[in-house]
Every structure is written in structure tokens, then in C-alpha cells.
Amino acid sequence: NAGVMQNPRHLVRRRGQEARLRCSPMKGHSHVYWYRQLPEEGLKFMVYLQKENIIDESGMPKERFSAEFPKEGPSILRIQQVVRGDSAAYFCASSPPGRGNTDTQYFGPGTRLTVL
Amino acid sequence: AQKVTQAQTEISVVEKEDVTLDCVYETRDTTYYLFWYKQPPSGELVFLIRRNSFDEQNEISGRYSWNFQKSTSSFNFTITASQVVDSAVYFCALRDNTDKLIFGTGTRLQVFP
């Protein structure tokens, strides 16, 4: 049973470019969460999605950041016009359907974004 | 507000020593879940344990044990007879009535041979 998949593992962008991060949840999981880890810090929640719905985006910056989890395909975290401060590790987690807050979130390996 | 505090930024021990990582949490909810994750040097996050607020029974899994005390809002993690492979950053996290995990800032454990 494959775990949470994220790609790419490493992404380098120049200031002003767009970054697209992909996350495929574990088989059977329909809840996806995105977290950001700045260097030497803990993880901070960004957004929680279920299929075709954003449930909670309270941790996501209002500008330049967007997330989706379409009916088919992976969840995408999109960062437009990246700036150096966006350099971080972005982790995706998934949990099974049902009452979400009772379930463990399993994390992918992360995408390390570097903005030059 | 919900908060998780891991006061120990970094701990260094020699192999075979026992080590305890502290975690203190704050929440107003009566139902909540506590987690520990391990982040080895390779960077991924590995789930270790989940406890719910109604189950204060301590748990042991091999060399790992967890001590959950609601009276002091603590959920401490002990590694017995530490090994070099235990070297990692360990995160404590809280999940309450929202669906997000609130992480502590992590404790970096270095185990020297």
C-alpha cells in the first residue's frame, strides 16, 4: 500500500515564477492537508481539502497561494510569483474519509522549494 | 488558543542512554488528540503515536514509551537505550475540534556512538 506521494521532491524557481506542488494521498484517503516548514521551524498548517472542496484555508496566505483537490488526480498547491520567503519544505498529509479529526494524518516526503 | 510547547531545542546523548523529550500542550477542548512524529535527517515525517484525551494509559512500543498526564497537560516521550538511528527531530502535535495539527517547534535529538 503506497504512502502519500509528493512530487517533485525538490523544486527550484526564480523570483516571480510559479511553483506547482503535487500530492497524491494514500489509497482510500479523501482528506488532504498541506503544511509548510520554514528552516529550523515546526510545521504550520496551510489548508485542508476534501475532494473538490476546500474545508479550511485559514493558514494559507490570501495572495499568491491556492490549493485544489479535483475529483480526479492529485491535490495541487500553487504558488504564483514566488518570492525568497516562500523557500521552505511543503508537506502534504492525508487521512481516511469519515470524521476527519479522529484520524491520523500520514505525511508525504515533502517538496523542498528553493527560490533564487 | 491551542498551543504545543517543546522547550528542549536540542538534546545530545551517548548511545544506550535513556532520554525523555518533553511536550506540553494547551487547549480548551475536552476532546483532543496528541501525536508524536519523527523527522530523520532525510526529511520525511514518520508517524509514531496517537493518543486521545480520554485515554491516559501510558504506552510502550519496544524502546519507545509515552507518558500522558492530563493534570499537567503533558505528553512526554522516552527512548530507552538510545541508538544512533534515533537521531532526528521529534515533533509533538495537537489536534482538537478543528482538523489541523498544531505542531511544537521540535526537539533535535543527537545520539553519539
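Not measured: the values here are computed from a predicted model.

**Q** Got a sec to walk through the state of the cysteines? Specific residues and values, please.
**A** Working definition of a disulfide: a covalent bond connecting the sulfur atoms of two cysteines. All names here are of chain A. All chains considered together, the criterion is met by two disulfides over all chains. Linked covalently through their sulfurs, cysteine 23 and cysteine 92 form a disulfide whose S-S length is 1.7 Å. Residues cysteine 23 and cysteine 92 are joined by a disulfide whose S-S torsion is about -50°; by sign, that bridge is left-handed. On the criterion of sequence distance, the pair formed by cysteine 23 in strand β3 (residues 19-24) and cysteine 92 in strand β9 (residues 88-95) is long-range, its members being 69 residues apart. Given a relative accessible area of 0%, cysteine 23 falls into the buried group.

**Q** Please set out the side chain of A:Thr111 residue by residue, giving values where relevant.
**A** Residues and elements named next belong to chain A. Locating threonine 111 in the fold gives a position in strand β11 (residues 111-115). Among the polar contacts listed, one links the side chain of threonine 111 to the backbone oxygen of proline 8, at a separation of 2.6 Å. With residues near it in sequence (within four places) discarded, threonine 111 still touches Gln6, Asn7, Pro8, Arg9, Leu11, Leu21, Ala88, Ala89 and Tyr90.

**Q** Summarise the interface of chain B and chain A; cite the residues concerned and give the values.
**A** At the interface, 22 residues of chain B touch 23 residues of chain A. Of all residues in chain B, B:Leu45, B:Arg95 and B:Asp99 give up the largest surface area on contact with chain A, accounting jointly for 29% of the area buried on that side. Counting every contact that joins chain B to chain A gives one salt bridge. Between A:Asp56 and B:Lys100 there is a salt bridge, with the nearest N and O atoms lying 3.2 Å from each other. Elements that contribute at least two residues to the side of chain B that touches chain A include exactly β5 (33-39), β6 (46-52) and β10 (88-95) of chain B. At four residues, β5(B) tops the list of elements feeding residues into the side of chain B that touches chain A. Of the residues assigned to the side of chain B that touches chain A, the class counts are eight nonpolar, seven polar and seven charged.

**Q** Can you lay out the packing of aromatic side chains for me, pointing to particular residues and giving the numbers?
**A** Taken as a whole, this structure holds 20 aromatic pairs over all chains when the rule is applied. Between A:Tyr35 and A:Phe107, the aromatic rings sit 5.4 Å apart at their centres with planes inclined by 50°, giving tilted as the arrangement. Here the residue A:Tyr35 occupies a position in strand β4 (residues 31-37), and A:Phe107 occupies one in strand β10 (residues 106-107), the gap between them amounting to 72 residues. Residue A:Tyr35 shares its accessibility class with A:Phe107, and that shared class is buried. Aromatic pair B:Trp66 and B:Phe77: ring centres 5.0 Å apart, planes at 5°, arrangement stacked. Taken as a pair, B:Trp66 in strand β8 (residues 64-69) and B:Phe77 in strand β9 (residues 74-79) lie far apart in primary sequence, eleven residues in all. For the pair B:Trp66 and B:Phe77, a shared accessibility class is recorded, and that class is buried.

**Q** So, unusual backbone geometry: which residues are in play, and what are the values?
**A** Of note, the bond from A:Asn7 into A:Pro8 is cis; its omega dihedral lies within 30 degrees of zero at -5°. Among the structural elements, A:Pro8 can be located in the loop between β1 (5-7) and β2 (10-13). In the Ramachandran plot, A:Arg64 falls in the positive-phi region, its phi being about 75° despite a non-glycine side chain. Looking at the element boundaries, A:Arg64 is found in the loop between β6 (53-56) and β7 (65-68). Not every positive phi belongs to a glycine, and B:Lys16 is a case in point at roughly 80°. Note that B:Lys16 resides in the loop between β2 (10-14) and β3 (19-21). Given a relative accessible area of 70%, B:Lys16 falls into the exposed group.

Thresholds applied
- Each chain carries its own residue numbering, running from 1 in the written order of its sequence.
- Lettering for chains starts from A, numbering for ligands starts from 1, and both go in the order in which the items are written.
- Local features in this predicted model are restricted to residues whose pLDDT is 70 or higher, and side-chain atom pairs enter the listing and the counts only when it is 80 or higher, whereas totals over whole chains, interfaces and linings include all residues.
- Hydrogens and waters are ignored; side-chain quantities use all the structure's heavy atoms.
- The term disulfide is used for any two cysteine sulfur atoms that are within 2.5 Å.
- The helix and strand labels rest on DSSP assignments: H or I over at least four residues marks a helix, E over at least two residues marks a strand, and numbering proceeds from the N terminus.
- Only protein chains enter the accessibility calculation, which uses a 1.4 Å probe; a residue whose area is less than 20% of its type maximum is buried, one above 50% is exposed, and one in between is partly exposed.
- Contacts described as polar in this section are N or O atom pairs within 3.5 Å, which, within protein, must combine one atom able to donate a hydrogen with one able to accept it, while residues neighboring in sequence count only if both atoms come from side chains.
- We call two residues in contact when some of their heavy atoms are within 4.5 Å.
- Put simply, buried area is how much 1.4 Å-probe accessible surface two parts lose in total, over both of them, once they are put together.
- We define a salt bridge as a contact between a side-chain nitrogen of Lys or Arg and a carboxyl oxygen of Asp or Glu at a distance within 4 Å.
- Each residue receives one of three labels: charged for Asp, Glu, Lys and Arg, nonpolar for Ala, Val, Leu, Ile, Met, Phe, Trp, Tyr, Cys and Pro, and polar for the others, Gly being one of them.
- Aromatic rings from Phe, Tyr and Trp, taking only the six-membered ring of Trp, are treated as a pair when their centres fall within 6.5 Å; an angle between ring planes under 30 degrees marks them as stacked, one over 60 as edge-to-face, and anything in between as tilted.

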